[in-house]
Amino acid sequence: MHRFIPLLLLALIASACVSTGDDATELPEVEATTTTSRAQRTTAADERADPTTTAAPDAEPGLAGLDVGDPGGDMSGLTAARLPGSIGDPTFPGIGNVGYDVTRYDVSLDFTGPEMQAQTVVTLTAQIDLEALNLDLVGMDVDEIRVDDEPALFNRDGRELIVRLPNPLTAGQSAEVLVAYHGTPEPIDTGEGLPFNLGFQARTWGNFVASEPIGAATWFPSNDHPQDKAIFAVTMTVPAGQSAIGPGQVVEESQGPDGSTTVRWEAREPMSTYLASIATGEFDVQTEVLDSGLVLRHAVHVDAIRATGDELQTTREMMEAFEEQFGPYPFATYGVLVVPEQLGFALENQTLSLFGTDIMSSPSAQPILAHELAHQWFGNNISPAAWDDIWLNEGFATWAEWWWTERIGGRDMTTVARTVPMDPIKDLTPDTLFDFNIYWRGGLTLEALRREIGDDVFGDILRQWTERYGGGVASTQNFLDLVTEIAGSDASNSVSQWIFSPTMPELPADR
Ligand code: ARG
Ligand code: ZN
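Let me sum up the structure you'll find in this document.

All right, on to the pairing of strand S11 (residues 230–238) then. Among the nine residues of S11, eight are classified as buried, and the element is accordingly described as predominantly covered. Across seven bridges, strand S1 (residues 100–110) lies against S11 in parallel orientation. Residue pairing in the sheet places Ser-108 in a bridge with Thr-235 of S11. Sheet topology note: the S11/strand S14 (residues 261–271) ladder contains eight bridges and is antiparallel. What sits directly across from Ala-230, in S14, is Met-271.

Printed below as a string of structure tokens:
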């Protein structure tokens, strides 16, 4: 529980400083026929220090000594040497897969029966020769897998869904892997550490999703690591009287004879799996088209309308201010989804930030709305190359939240934050990934840089950051390199100190 309280508390402090108060057949076992290596990845993060280079490609992912908090229900499969199902993330060694790159997910979900009936088509390109490949899937019953329309044998082991390809793929070749499955998706039980279980959330009022960091696999088979971004289409069928909300925009809608509705949403910009989200239920959807052509659409559950009040009306103004500061908003749509839940956090799902009634009705609504909107640039358009790069999400969003708070007449939060001693941002574990030093020390790192190099050069860095890495992923090293290039090595050394040194440096005077 303690993990997320700081964010809420810190935001409350921030908001207190905001002036007024307005407020097929299963195989028994699949041999390890693939040799997959993290070195095959072709992402912007390839240059980063590779924590797995010391391990042989097929060696154990290295769970030893790391408390992963049982993120996959049954994580036992992760220690099996035969599995290529780990991208080698230092924080979550068993997450993601190697050997291929997903370009598209086509997820279809039917909510009209007692269980969810689902089908996901994963379009991928092999990066090496493959006879089998792994996907991540938690729970659900798999009915059938077809690869380019030919039936495939498969096996399951914990989070791993191991697909034996009917025809081997050679490097560079693409394939469509269709997975038909059903069941009642359940979130991953993260135990004591989190106030909330990860992934798909079924309620009596409907369904929603909160996956960050490793919960996407609870509702669709995927390469569940931020590194492998893809475009998404989500088609949902819901019973009469319900709406289906998804990422991006509606491209098709039809009514069934039983009164059900089928809606197809498409998000055409690359998205990391943890940011994909949907909701079903009785939602009030408000759409507005900005002068820039950007479509704003908010979806507020009917039981959350009162708590939401008119808080979402500032979105347009916030959007314009951020575009000026960070460059063009990176996606075709944006909006906020408000669910009738006391979540204890908000989440920057791509094009559809998730809020509960607790934050939305609190004085911290505005700062956190700014925080989640800023994530669309920082975290979503540029995603973390690995989970220990999380400060690139949270530090940037916190800095933007402070910037907005000050702009609307709130207090200078950097001064408040500077008085709090905070651990360095390193050696992260699943339990410390969202600790408040990630947010506040991350935010101060950027503020210190801005003060050191001045607004103009700082602005150049932010815009170059987006230009170079937008649509992909980036690492802390990528950021340090960019700072060196644009502002010099003294500046990047300071940034390093701010992130990694045991004691926090002095915050330079504002100029
Ligand atoms: N990224 C979110 C934020 O900064 C926090 C997410 C916490 N993750 C979760 N599964 N609850 O606002
Ligand atoms: Zn955040």
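Having seen the structure, we can now continue with the description.
The subject of this paragraph is the sheet that holds strand S9 (residues 199–202). The strand order across the open sheet built from four strands is S9-S10-S15-S12, with neighbouring strands paired in antiparallel fashion. Only two strands of the sheet have a single partner each, and these edge strands are S9 and strand S12 (243–245). Here the average twist between neighbouring strands, direction ignored, is 15°. Bridging between S12 and strand S15 (residues 279–281) involves three bridges; their strand directions are antiparallel.

Moving on: the environment of Leu-137. Position of Leu-137 among the secondary structure elements: in the loop between strand S3 (130–136) and strand S4 (141–147). The class of Leu-137 is buried, set by a relative accessible area of 0%. Linking Leu-137 and Ala-216, residues 79 residues apart in sequence, is a C-alpha distance of 8.3 Å. Those residues in contact with Leu-137, other than ones at most four positions away along the chain, are Val-142, Arg-156, Gly-158, Arg-159, Leu-161, Ala-217, Phe-220 and Pro-221.

This part takes up the nonpolar core. Membership of the largest hydrophobic core comes to 142 residues, with the highest contact counts inside it found for Leu-109, Tyr-181, Phe-322, Trp-465 and Phe-479. For this core, the element with the highest residue contribution is helix H6 (residues 391–407), accounting for nine residues. Among all residues touching Trp-465, those that are not within four sequence positions of it are Phe-378, Ile-382, Leu-392, Phe-396, Gly-470, Ala-474, Ser-475, Asn-478, Phe-479 and Leu-482.

Okay, the side chain of Asp-358 next. Considering the arrangement of structural elements, one finds Asp-358 in helix H4 (residues 357–360). Polar side-chain contacts of Asp-358 include one of 3.1 Å to the backbone nitrogen of Leu-343. Within the local environment of Asp-358, its side chain forms a polar contact with the backbone nitrogen of Gly-344, the two atoms lying 2.6 Å apart. Non-local contacts of Asp-358, meaning those with residues more than four positions away in its chain, are made with Glu-341, Gln-342, Leu-343 and Gly-344.

So, about the site of ligand 1. Close contacts around ligand 1 come from 13 residues, with Glu-212, Glu-348, Glu-372, Glu-394 and Tyr-439 the closest. Between ligand 1 and Glu-348, the relevant distance is 2.7 Å, taken from a nitrogen atom to a side-chain nitrogen or oxygen of the residue. Tyr-439 places a polar side-chain atom, nitrogen or oxygen, 3.0 Å from an oxygen atom of ligand 1. The fraction of the free accessible surface of ligand 1 (350 Å²) that becomes covered by protein chains is 99%. The dominant element in the shell around ligand 1, judged by the number of residues it contributes, is helix H5 (residues 365–377), at three residues. Tallied by class, the residues present in the shell around ligand 1 amount to seven nonpolar, two polar and four charged.

What follows deals with a negative patch on the surface. Side chains of Asp-291, Glu-317, Glu-320 and Glu-324 sit close together on the surface and give a patch of like negative charge. With respect to the helices and strands, the residue Asp-291 is situated in the loop between strand S16 (283–289) and strand S17 (295–301). Here Asp-291 falls in the exposed class, since its relative accessible area comes to 77%.

Protein-derived coordination of the zinc ion (ligand 2) comes from His-371 (NE2), His-375 (NE2) and Glu-394 (OE), at a distance range of 1.8 to 2.0 Å. Taken together, the four donor atoms coordinating the zinc ion (ligand 2) span angles of 98 to 133° at the metal, a pattern that classifies the geometry as tetrahedral. Of note, the zinc ion (ligand 2) draws all its donor residues from one chain, in the sequence arrangement H-x3-H-x18-E. Of the two residues, His-371 sits in helix H5 while Glu-394 sits in helix H6, which places them 23 residues apart along the sequence. Note on His-371: relative accessible area 2%, which makes it buried. Judged by its relative accessible area of 1%, Glu-394 falls in the buried class.

Rules used throughout
- Residues numbered from 1 in each chain as written.
- Chains lettered and ligands numbered in written order.
- Predicted model: local features only at pLDDT ≥ 70, side-chain atom pairs only at ≥ 80, totals over all residues.
- Heavy atoms only, no water.
- Buried < 20%, exposed > 50% of the residue type's maximum accessible area, 1.4 Å probe, protein only.
- Helix = DSSP H or I, 4+ residues; strand = E, 2+ residues; numbered from the N terminus.
- Pairing = 2+ DSSP bridges.
- Axes fitted to C-alpha atoms, helices over the stretch in contact; angles between N-to-C directions.
- Contact = heavy atoms within 4.5 Å.
- Core = buried A, V, L, I, M, F, W, Y, C linked by side-chain atoms within 4.5 Å.
- Polar contact = N/O pair within 3.5 Å; in protein donor to acceptor, adjacent residues only side chain to side chain.
- Near = heavy atom within 4 Å.
- Areas by Shrake-Rupley, 256 points an atom, 1.4 Å probe, with all protein chains shown as cover.
- Nonpolar A, V, L, I, M, F, W, Y, C, P; charged D, E, K, R; others polar.
- Patch = residues over 30% accessible without salt bridge, like charges linked within 9 Å, V, L, I, M, F, W, Y side chains within 5 Å.
- Salt bridge = Lys/Arg side-chain N within 4 Å of Asp/Glu carboxyl O.
- Lys, Arg positive; Asp, Glu negative; His and termini not counted.
- Charge placed at Lys NZ, Arg CZ, Asp CG, Glu CD.
- Donors = N, O, S within 2.8 Å, 3.2 Å for Na, K, Ca; no water.
- Tetrahedral: all angles 85-135°; square planar, octahedral: opposite > 155°, others 65-115°.

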